[in-house]
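What follows is each chain in one-letter form.
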Amino acid sequence: MTQQLGRLEDLPQDYRDDLIQLNLVPLWPSLRAVLPPGVPARATQAIHWPYASLKPLLLKAGELTPIEKAERRVLVLANPGHGLENMKASPAIYLGMQLLLPGERAPSHRHTPNAVRMIVEGESAYTTVDGEKCQMSRGDLILTPTGLWHEHGHDGTDPVVWLDVLDLPLVYYMEASYHVDGPPQAVKQGNGESAWTRAGVVPTRVFSRSDKRYPMLRYPWADTRAALLALAEDQPSLDCVQVTYVNPETGEDAEKILGFYALMLKPGQTFTLPARSPAQVFHLIEGGIDVSICGKTFGLVEADTCCAPGYEPVTLKNRQVNSPSFVFIADESPLHRKLGVYETR
Ligand code: 1HN
């Protein structure tokens, strides 16, 4: 049984005033709030952002605000549990839907937070990261790790939308978030993606070691999807048909703070992810699924996004009985693991 502790109001006012004068605070009235018994307090709420509702508002932003006045034209998917103005989906995850219209350019800059982009719809846009021109197609994952120059452009005819996932809330909290503007990048020959075309064989580094901390920047959806289908076919008894986006040179998570995964739900499959300490985000690439979190059930259609606080199980159900559904997941696992607070319950 956890002992009830003394309250602030139990202390004489003159004593409390003396403490404030000296920038001192008694711990015991707040101890249970910062260290609750058994399970952490979580501000993160289970929230669903249906794409069909936000898309008209994003397109409207395209009419209301020219790209020069926005730099990045984004509607942030904010969790009301953290206060909308704080622009967090979870303690460490920022989510935003970004719109780039034909002919627009988003100028080159670099910053300390790590970003990835999950392409939602549209063709012929590209992002140039560290001189590598990455074409954007639905379901592709493109990394923009800390410190790398990046800019976006669009040579096509229809709007392009992508989901930005950043560790901005954490980096900002650390008072380490800033950006630097730069000139347009020179596009370099070659790209990391074509150096990693088959699992199990990697470029030989005996003669020239890669000096890149992030050798692969674009993970094409066609390859990730094929990997999931092959895994499901090869191991029919496997419940969790999931792949992790990794740095192919080190085998570690693709970025250092947030983790990224693609999960396939087999036709009609229901699968429960156990309660684990990191918060997570689900974005439906293909299919139709129900996601149950904290007693709520969200019916996700393609391009919908939802989030779950840590320490809660999440049940995913494929509503399609004849075809698989494909989900992109982002979570705070690398951060929790590195800090030593990662738990599965
Ligand atoms: C950023 O650099 C981009 O480059 C998108 O497209 C969203 C949110 C916060 C901070 C930097 C981009 C961002 C961002």
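Our subject in this report is the structure included herewith. Everything quoted here is computed from the prediction, not taken from an experiment.

**A word on the site of the ligand**
In the region of the ligand, the neighbouring residues are Arg72, Tyr94, Gln98, His109, His111, Arg117, His150, His152, Asp164, Leu166 and Leu168. Within the side chain of His111, one N or O atom sits 2.7 Å away from an oxygen atom of the ligand. Here His152 contributes a side-chain N or O atom positioned 2.6 Å from an oxygen atom of the ligand. Across the complex, the protein chains shield 86% of the 330 Å² of accessible surface that the ligand would expose by itself. When residues of the shell around the ligand are traced back to their parent elements, those giving at least two are β3 (94-100), β4 (105-111), β9 (150-154) and β10 (160-166). In terms of residue class, the shell around the ligand is built from three nonpolar, five polar and three charged.

**Topic: the side chain of Thr305**
Mapped onto the elements of the fold, Thr305 is located in strand β19 (residues 305-308). Reaching out from Thr305, the side chain makes a polar contact with the side chain of His283 at a distance of 2.9 Å. Setting aside its immediate chain neighbours within four residues, Thr305 contacts Ile47, His48, Trp49, Leu77, Leu95, Met97, Leu163, Val281, Phe282 and His283.

**Some points on the pattern of salt bridges**
As enumerated under the stated definition, the model contains 16 salt bridges in all. A salt bridge links Arg105 to Glu151, with the shortest nitrogen-to-oxygen separation between them at 2.6 Å. Of this pair, Arg105 sits in strand β4 while Glu151 sits in strand β9; the two residues are 46 residues apart in sequence, bridging distant segments of the chain. For Arg105, a relative accessible area of 42% corresponds to the partly exposed category.

**Details of the nonpolar core**
Among the nonpolar cores identified, the biggest contains 59 residues, and Leu95, Met97, Leu141, Val165, Tyr245 and Phe260 are the most heavily contacted of them. Here this core gets five residues from one element, more than from any other, and that element is β10. Apart from residues lying up to four places away in sequence, Leu141 is in contact with Val116, Arg117, Met118, Leu217, Arg218, Tyr219, Tyr245, Phe260 and Phe328. By size, the runner-up hydrophobic cluster in this structure holds 19 residues, among which are Ile289, Phe298, Cys306 and Ala308.

**So, the sheet that holds strand β6 (residues 125-129)**
Within a sheet, neighbouring strands are paired by backbone hydrogen bonds and run either parallel or antiparallel to one another. As summarised here, the arrangement of the five strands in space is β7-β6-β9-β4-β11, forming an open sheet in which the pairing is antiparallel. Either end of the sheet is taken by a strand with one partner, and the two such strands are β7 (132-135) and β11 (179-181). Here the average twist between neighbouring strands, direction ignored, is 25°. Where β6 lies against β7, four bridges are found, and the strand directions are antiparallel. By the bridge assignment, Thr127 is partnered in β7 with Cys134.

**Thoughts on the state of the cysteines**
Here the structure, examined in full by the defined rule, presents zero disulfides. With no disulfide partner, Cys294 has as its closest neighbouring cysteine sulfur the one in Cys307, 9.3 Å distant. Its relative accessible area of 42% is what places Cys294 among the partly exposed residues. Cysteine Cys307 is unpaired, with the sulfur of Cys306 as its nearest cysteine sulfur at 7.0 Å. Taking the relative accessible area as the measure of exposure, Cys307 reaches 1% and is therefore buried.

Cut-off values and rules
Residues numbered from 1 in each chain as written. Predicted model: local features only at pLDDT ≥ 70, side-chain atom pairs only at ≥ 80, totals over all residues. Heavy atoms only, no water. Near = heavy atom within 4 Å. Polar contact = N/O pair within 3.5 Å; in protein donor to acceptor, adjacent residues only side chain to side chain. Areas by Shrake-Rupley, 256 points an atom, 1.4 Å probe, with all protein chains shown as cover. Helix = DSSP H or I, 4+ residues; strand = E, 2+ residues; numbered from the N terminus. Nonpolar A, V, L, I, M, F, W, Y, C, P; charged D, E, K, R; others polar. Contact = heavy atoms within 4.5 Å. Salt bridge = Lys/Arg side-chain N within 4 Å of Asp/Glu carboxyl O. Buried < 20%, exposed > 50% of the residue type's maximum accessible area, 1.4 Å probe, protein only. Core = buried A, V, L, I, M, F, W, Y, C linked by side-chain atoms within 4.5 Å. Pairing = 2+ DSSP bridges. Axes fitted to C-alpha atoms, helices over the stretch in contact; angles between N-to-C directions. Disulfide = S-S within 2.5 Å.

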